[in-house]
Amino acid sequence: MKVTIVGAGAVGATTADNLIRRNVAEEIVLLDIKEGFAEGKAQDMAQTAALLGFESKIKGVTNDYLSTAGSTVAVITSGIPRKPGMTREELIGTNANIVKSVVENLVKHSPDIIIVIVSNPMDTMTYLALKSSGLPKNRIIGMGGTLDSARFKYQLSEKLNASAADLNAIVIGGHGDTTMIPLIKHSTWNSIPVSNFLTAEEQAEIVHKTMVGGATLTSLIGTSAWYAPGAATAAVVESIVRDQGKLFTASVYLEGEFGQEDINLGVPVVINKKGWDRIIPLQLDEEDKEKFSKSADAVRTMNNVLKE
Ligand code: NAI
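These figures come from a predicted structure and were not determined experimentally. (Residues numbered from 1 in each chain as written. Predicted model: local features only at pLDDT ≥ 70, side-chain atom pairs only at ≥ 80, totals over all residues. Heavy atoms only, no water.)

**Student:** Just to check I follow, could you spell out helix H2 (residues 37-46) for this structure?
**Tutor:** Buried within H2 are the following residues: Ala-38, Ala-42 and Met-45. Down the axis of H2, the sector holding all buried residues measures 65°, keeping them to one side. The exposed residues of H2 that point more than 90 degrees off its buried face are Gln-43 and Asp-44. Buried residues belonging to H2 abut helix H1 (10-21), strand E2 (27-32), helix H3 (49-52) and strand E3 (57-62). (Buried < 20%, exposed > 50% of the residue type's maximum accessible area, 1.4 Å probe, protein only. Helix = DSSP H or I, 4+ residues; strand = E, 2+ residues; numbered from the N terminus. Arc of directions from axis to C-beta. Contact = heavy atoms within 4.5 Å.)

Encoded structure:
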């Protein structure tokens, strides 16, 4: 099985590294527009095989889409990341052109492909990929909620002094600092509501820290993060390739679910060899319904920029 990763930068290379270490695919193709860049990254990673003991092969190419032919899954991370003080939404102009042409090239060589979009603003880029590719909706997945949910669990684990693996917590809505919705009321520590352990103020603080999680790292590092984004993307790819049927929050095309239509937004979905297989409904209270609707309005405004 072949997995292509477009964009050999921070997130793309980290995704590849996570995948080869776990032998998720026999072959990984890393593609970048920058001459020699993907080749170099791929060789560097391949040279860890003797040390880490994996069998996966990784090949780097410069803009050579023929090498991607027959891919089961592609991840798109190509584009520009944000700098301190920038929002994800400010990246739209540059990244829309890149994502559109990358999608066309991928589908030309792998018509049955499943595409995972990482480039920001992710919900809008996912919507664009769906509309421009003509692929069935289940084969276009936006990765953002998986990362935001991992960051939410991190914040909860810090406050509760608990193992992140014991926490159940998801973030739905848009993948933006103000559009994401960490569902604190639905969060549990081994099935016990976290509200049993945390004050209202502590819960509000956790929600806030989750929402600005990406921006906090951008101001610390000087550019956007890659370890958790790469691990989250690899987890989604693994669930497709190994047909694991794991439940993730991902940006998928809504046709009436959660009261929204003609939009890609983060909701809980089962991910398997079909791509995203089905949406899992949630019982949201009025407050969270209102937040979801506001989040959709903001993402829709961004989608409309594409039409200008
Ligand atoms: P980066 O700058 O390290 O890597 C981007 C790579 O894309 C560069 O190597 C560049 O040469 C390449 N590229 C640009 N145009 C291309 C084209 N037409 N074809 C092939 N390659 C091309 O950026 P980084 O940090 O890896 O971030 C990538 C994207 O992912 C950004 O848009 C960032 O905002 C987004 N991101 C999304 C996350 C999410 O949860 N959805 C999390 C983290 C980042």
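**Student:** How should the pairing of strand E4 (residues 73-76) be read in this particular structure?
**Tutor:** Look at any regular strand and the pattern is simple: side chains alternate between the two faces of the sheet. Taking every second residue as pointing to the same face, both faces of E4 are buried, with Val-73 and Val-75 on one and Ala-74 and Ile-76 on the other. Taken together, the four bridges between strand E1 (residues 2-6) and E4 define a ladder with parallel strand orientation. Of the residues in E4, the one forming a bridge with Val-3 is Val-73. Of the strand pairs in this sheet, E4 and strand E5 (residues 114-117) are connected by four bridges, and their pairing is parallel. Following the sheet pairing, Val-73 is matched in E5 by Ile-114. Where the polypeptide runs from E4 across helix H4 (residues 92-109) and back to E5, its parallel neighbour, the crossover connection is right-handed. (Pairing = 2+ DSSP bridges. Right-handed = clockwise from strand over helix to strand, strands pointing away.)

**Student:** Is there a simple way to explain the side chain of Thr-62 in this structure?
**Tutor:** Relative to the helices and strands, Thr-62 is located in strand E3. At 3.0 Å, the side chain of Thr-62 and the backbone nitrogen of Gly-36 are in polar contact. If sequence neighbours within four positions are ignored, Thr-62 has contacts with Asp-32, Ile-33, Lys-34, Glu-35, Gly-36 and Glu-39. (Polar contact = N/O pair within 3.5 Å; in protein donor to acceptor, adjacent residues only side chain to side chain.)

**Student:** Got a minute to help me understand the site of the ligand in this structure?
**Tutor:** Around the ligand, a shell composed of 28 residues is seen, among which Ala-10, Val-11, Asp-32, Ile-80 and Met-143 lie nearest. Separating a nitrogen atom of the ligand from a backbone N or O atom of Val-118 is a distance of 2.9 Å. One of the side-chain N or O atoms of His-175 is found 3.2 Å from an oxygen atom in the ligand. Here the ligand, which alone exposes 870 Å², has 88% of that area covered by the protein. Looking at the shell around the ligand, the elements that each hand over two or more residues are H1 and H4. Residue composition of the shell around the ligand, grouped by class: 15 nonpolar, eleven polar and two charged. (Near = heavy atom within 4 Å. Areas by Shrake-Rupley, 256 points an atom, 1.4 Å probe, with all protein chains shown as cover. Nonpolar A, V, L, I, M, F, W, Y, C, P; charged D, E, K, R; others polar.)

**Student:** What exactly am I supposed to notice about the packing of aromatic side chains here?
**Tutor:** Ring pairs (aromatic) are described by centroid distance and by the angle formed between their planes. Considering all chains together, one arrives at three aromatic pairs under this definition. Relative to Phe-197, the ring of Trp-189 lies with its centre 5.0 Å away and its plane at 65°, an arrangement referred to as edge-to-face. By relative accessible area, Phe-197 is classed as partly exposed at 37%. With 5.3 Å between their ring centres and 35° between their planes, Phe-258 and Phe-292 make a pair best called tilted. Note that Phe-258 is positioned in the loop between strand E12 (246-255) and strand E13 (261-272) and Phe-292 in helix H10 (residues 286-307), a separation of 34 residues in sequence. In this pair, the class of Phe-258 matches that of Phe-292, namely buried. (Phe/Tyr/Trp six-rings, centres within 6.5 Å; stacked < 30°, edge-to-face > 60°.)

**Student:** What should I look at first to understand the pattern of salt bridges in this one?
**Tutor:** Opposite charge on two side chains makes pairing possible when the charged atoms of those side chains draw close. In total, this model carries 17 salt bridges according to the counting rule given. When the shortest N-O distance is used, the salt bridge between Lys-131 and Asp-262 registers 3.1 Å. Residue Lys-131 is located in helix H5 (residues 122-133), and its partner Asp-262 is located in strand E13; the two are separated by 131 residues in the primary sequence. Since its relative accessible area comes to 46%, Lys-131 is described here as partly exposed. Its relative accessible area of 31% is what places Asp-262 among the partly exposed residues. Sharing partners across several salt bridges, the network here consists of Lys-185, Asp-285, Glu-287, Asp-288 and Lys-291. (Salt bridge = Lys/Arg side-chain N within 4 Å of Asp/Glu carboxyl O.)

**Student:** So what exactly am I meant to see when it comes to the environment of Ala-225 here?
**Tutor:** Among the structural elements, Ala-225 can be located in the loop between helix H8 (213-221) and helix H9 (227-241). By relative accessible area, Ala-225 is classed as buried at 11%. Linking Ala-225 and Val-11, residues 214 residues apart in sequence, is a C-alpha distance of 7.7 Å. Discounting residues that sit within four places of it in the chain, Ala-225 has contacts with Val-11, Arg-151 and Leu-217.

**Student:** When you look at the confidence of the model for the chain in this model, what are you seeing that I'm missing?
**Tutor:** Do not read the predicted coordinates in detail wherever pLDDT is low. Summing up the model confidence of the chain, the mean pLDDT is 96 and the portion of residues at 70 or higher is 100%. ipTM for the predicted complex: 0.99, alongside a pTM of 0.97. (pLDDT = per-residue confidence, 0-100.)

**Student:** What is the right way to look at the side chain of His-175 in this model?
**Tutor:** With respect to the secondary-structure elements, His-175 resides in the loop between strand E8 (171-173) and strand E9 (180-182). For His-175, a relative accessible area of 8% gives the class buried. Ignoring anything within four residues of it in the chain, the contact list for His-175 reads Arg-88, Asn-120, Met-122, Asp-123, Gly-144, Leu-147 and Asp-148.

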